[in-house]
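An overview of the molecular structure
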Amino acid sequence: MEPCTRRTRRGAKTPDSRLRMTVKCHNPRSASRAAAYALLELLVTLAVIAVLISVLLPALTKSRRMAQRAACASNLRQVFVAMSLYGSTHGGWMWPVAIDDANGFPTNLGTNVSPDRRWPALMPAFNIRVPANTSYSSSFGTFAGDAYPAGLDEAALPVAFDAATYTPRILLCPADDSPVEHHSYVLNMSLTDHRVRFGTIRLGRAGNSAEVIVAGEKRTHVRDYFMNSRAAPTPGTEFDRIVESYRHGIAQGSNYLFMDGHVAQKLPLSVVGQLDPWELPSQ
């Protein structure tokens, strides 16, 4: 490009009627300065955006966790409503159990039976429609609506059945990503073991129903439907294996449903005595 270019135009009349000449010069240094300023402005803009993201992202993450925690608590309250309706027509039992006709002991309905016979599928309020003549196939054989074959080691059983069809969405915590067996909550097995129902007065060392846990949150990879406070010979191992203690954060812990219907966030150490108040802490 030439440093200067000339343009000629006819201007206003002058005494000598000469053509008015205009000269436009191109300065390479000015062009480079303009490009540098444009690049600098772009870098400053990107830096400002990066700062804003770093400031806003933690707040957005916190808000998301709070929303998930609130939705989880709402789910547990709806579970309690379903339990209350069930108890009003089933002798006070909070969830479906199988009664051994020989000794009268109740048995929980979890992974020891097929999905269509587990407690969520048998809760009328959940409105689960179980197809007639439902059967399931696995490497252990085919059976319809009955317990797993006798002598089968339940712990070795793979996830062979699709429980999603028989599990209501309120059993899924929004913070629990793809839980095994399609449920995020586990019930307190101690209540069944002690035959506790709605209206039970004797609750071990617990002062009242507001101090007894009914349900908590399970670890994503665990299949269980029930939790226990301990497992011999090491206290607490069963609880640690099943229960997700920090589903909603290190400082918040997890949500727990209590026997009086309220939901509270608890850290694992504060759960001691509320899961199984019939056991002494020293045992």
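Relevant structure appears above.
Fair warning: this is a prediction, and the values are worked out from it, not measured in the lab. Position labels on residues start from 1 in each chain and follow its written sequence. Local features are withheld for residues below a pLDDT of 70 in this predicted model, meaning they are given only at 70 or higher, and side-chain atom pairs are given and counted only at 80 or more; totals for whole chains, interfaces and linings count all residues. The side-chain numbers reported here are obtained from all heavy atoms of the structure, hydrogens and water having been left aside.

Bringing the environment of Arg-169 into the picture now. Helix and strand definitions follow DSSP, with helices as H or I runs of at least four residues and strands as E runs of at least two, each counted in order from the N terminus. With respect to the helices and strands, the residue Arg-169 is situated in the loop between β6 (141-143) and β7 (185-188). The sequence separation of Arg-169 and His-183 amounts to 14 residues, and the corresponding C-alpha distance is 8.3 Å.

DSSP calls a pair of strands paired once it identifies at least 2 bridges connecting them. Read from one edge to the other, the open sheet built from five strands follows the order β9-β7-β8-β10-β11, with strand pairing classed as mixed. Looking at the sheet topology across the chains shown, the edges are occupied by β9 (226-227) and β11 (263-266). By the bridge criterion, two bridges tie β7 to β9 in an arrangement that is parallel. Each residue of the ladder has a partner; that of Asn-188, found in β9, is Met-227.

Turning next to the side chain of Lys-266. Summarising the element assignment, Lys-266 is placed in strand β11. Using a 1.4 Å probe on the protein chains alone, a residue whose accessible area is under 20% of its type maximum counts as buried, one over 50% counts as exposed, and one in between counts as partly exposed. Here the positive residues are Lys and Arg and the negative ones are Asp and Glu; neither His nor the chain ends is included. The salt bridge definition used is simple: a Lys or Arg side-chain nitrogen within 4 Å of an Asp or Glu carboxyl oxygen. No salt bridge is formed by the buried Lys-266; its nearest oppositely charged neighbour, Glu-211, is found at 9.3 Å. Any two residues whose heavy atoms approach within 4.5 Å are treated as being in contact. Lys-266 has contacts with Ser-245, Gln-252, Gly-253, Ser-254, Tyr-256, Phe-258, Val-271 and Gln-274, leaving out every residue within four places of it along the chain.

A few words now on the pairing of β7. Pairing of β7 with strand β8 (residues 213-217) involves three bridges; the strand directions are antiparallel. The partner of Val-186 across the bridge, within β8, is Gly-216.

As a further point, take the packing of aromatic side chains. Put simply, two rings from Phe, Tyr or Trp (the six-membered ring, in Trp's case) pair if the centres are within 6.5 Å, and we call them stacked under 30 degrees between planes, edge-to-face over 60, tilted for the rest. In this structure the tally under the stated criterion is three aromatic pairs. Geometrically, the ring pair formed by Trp-119 and Phe-126 is tilted, given 6.1 Å between the ring centres and 55 degrees between the ring planes. Comparing Trp-119 with Phe-126 shows no difference in burial state: the two are buried.

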